[in-house]
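Here's the letter readout for the chains.
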Amino acid sequence: MLERDHLEIVRAVEQHGSLTAAAKKLHLTQSALSHAVRKLEDQLGVAIWHREGRSLRSTQAGEYLLAVANRLVPQLLHAEERLVQFAKGERGTLRIGMECHPCYQWLLKLVSPYLAAWPAVDVDVKQKFQFGGLGALFGYEIDILVTPDPLYRTGLHFEPVFDYEQVLGVGPQHPLRHAAFVQAEQLADETLITYPVAIERLDIYTQFLMPAGISPKRHKPIETTDIMLQMVASGRGVAALPRWLVEEYADKLDIAPVKLGRQGIAKQIFLGIRNSDADIDYLRAFVELARAHRNQPR
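All values reported here derive from a predicted model rather than from experimental measurement. (Residues numbered from 1 in each chain as written. Predicted model: local features only at pLDDT ≥ 70, side-chain atom pairs only at ≥ 80, totals over all residues. Heavy atoms only, no water.)

**Student:** I'm lost on helix α5 (residues 103-117) in this one. Help?
**Tutor:** Because an α-helix completes one turn every 3.6 residues, residues spaced three or four positions apart along the sequence face the same direction. When the terminal C-alpha atoms of α5 are compared, their 22 Å separation across 15 residues agrees well with the 21 Å that a helix rising 1.5 Å per residue should span. At Leu-110, α5 shows its maximal bend, which comes to roughly 30°, and the proline Pro-113 appears one to four places after that position. (Helix = DSSP H or I, 4+ residues; strand = E, 2+ residues; numbered from the N terminus. Expected span 1.5 Å × (residues − 1). Bend = angle between axes of the 7 residues up to and from the residue.)

As structure tokens, then:
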């Protein structure tokens, strides 16, 4: 009863909000799409949408069908792409989703040796998820998710591939520069520079400041690592970053790492994959390469 065209229609209506816009997206006339919608609802015996003027709002059945469509259509598209690649004699493209900003610098150290070892495989990196990568992995938009904060779900496997320490990056004149470690209270008068991520997903807050009941004087989100560390080096604030990243930039900028608390904050980078893809050779090879570079961050 259900066909792929039906799922495409449900997704298009949800994305564009009206039959007119959805018809344009699907390269159909509005009358043809309206007929297809009526026929689908008649076949199913249940309404998929509530009509509100020119707009459509999903019923409970429609919400369920949309969830099915959002899960299946990307898988079908992915399968078609893979089959086309096989037909051309290609191995495919390894699509990597980045769920943490500084992980990109870590990833760059792996891409060159990986491409050299797998000349028939391309690499595509996507950085727009910002802690929404789990859905992209389930939806077959990516093949590997790079994250420091894995969310374990049935059907997924997360492999720890790199250990690191989260530290405070400070500039040349900062009074904490030569401290053995920093206490949370010492950041109460600081400008804290972070990536544009929700506070509840920032380790500097969840593992350091919030348990002590401390907030920085000012919180300034900056998306680019280079600009963030330029700001730190110029005395405009401090930033919580991986130790290896601060030490690497210290070769170019006058910045230094300071331990966060007496015990420090230990972190790991994980690679998440679908269990069903665990036997794909070029995907498994990337995970093994990352694991082999575990103690070689620089």
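**Student:** Any chance you could explain the nonpolar core here in plain terms?
**Tutor:** Nonpolar side chains tend toward joint burial in soluble globular proteins. In this structure, Trp-106 and Ile-204 are the most contacted members of the largest nonpolar core, which totals 63 residues. Residue contacts for Trp-106: discarding those within four places in its chain leaves Val-146, Val-161, Phe-162, Trp-244, Ile-269, Leu-271 and Ala-290. Of all hydrophobic cores here, the second largest spans 18 residues; its members include Leu-7, Ala-22, Trp-49 and Val-73. (Core = buried A, V, L, I, M, F, W, Y, C linked by side-chain atoms within 4.5 Å. Buried < 20%, exposed > 50% of the residue type's maximum accessible area, 1.4 Å probe, protein only. Contact = heavy atoms within 4.5 Å.)

**Student:** Before we go on, may I ask you to explain the packing of aromatic side chains in this structure?
**Tutor:** What the rule picks out here adds up to 5 aromatic pairs. With a centroid separation of 5.5 Å and an interplanar angle of 80°, the aromatic rings of Tyr-152 and Phe-158 are classed as edge-to-face. Residue classification places Tyr-152 among the exposed positions, given a relative accessible area of 54%. The buried category is assigned to Phe-158, whose relative accessible area is 5%. Here the aromatic rings of Phe-162 and Trp-244 are separated by 6.1 Å at their centres, their planes lie at 75°, and the arrangement is edge-to-face. Here Phe-162 is found in strand β6 (residues 156-170), whereas its partner Trp-244 is found in helix α9 (residues 243-249), with 82 residues between them in sequence. According to the relative accessible area criterion, Phe-162 is buried, its value standing at 2%. Under the relative-accessibility criterion, Trp-244 is labelled buried at 5%. Grouped by ring-pair contacts, the aromatic residues Tyr-114, Trp-118 and Phe-286 constitute a single cluster. (Phe/Tyr/Trp six-rings, centres within 6.5 Å; stacked < 30°, edge-to-face > 60°.)

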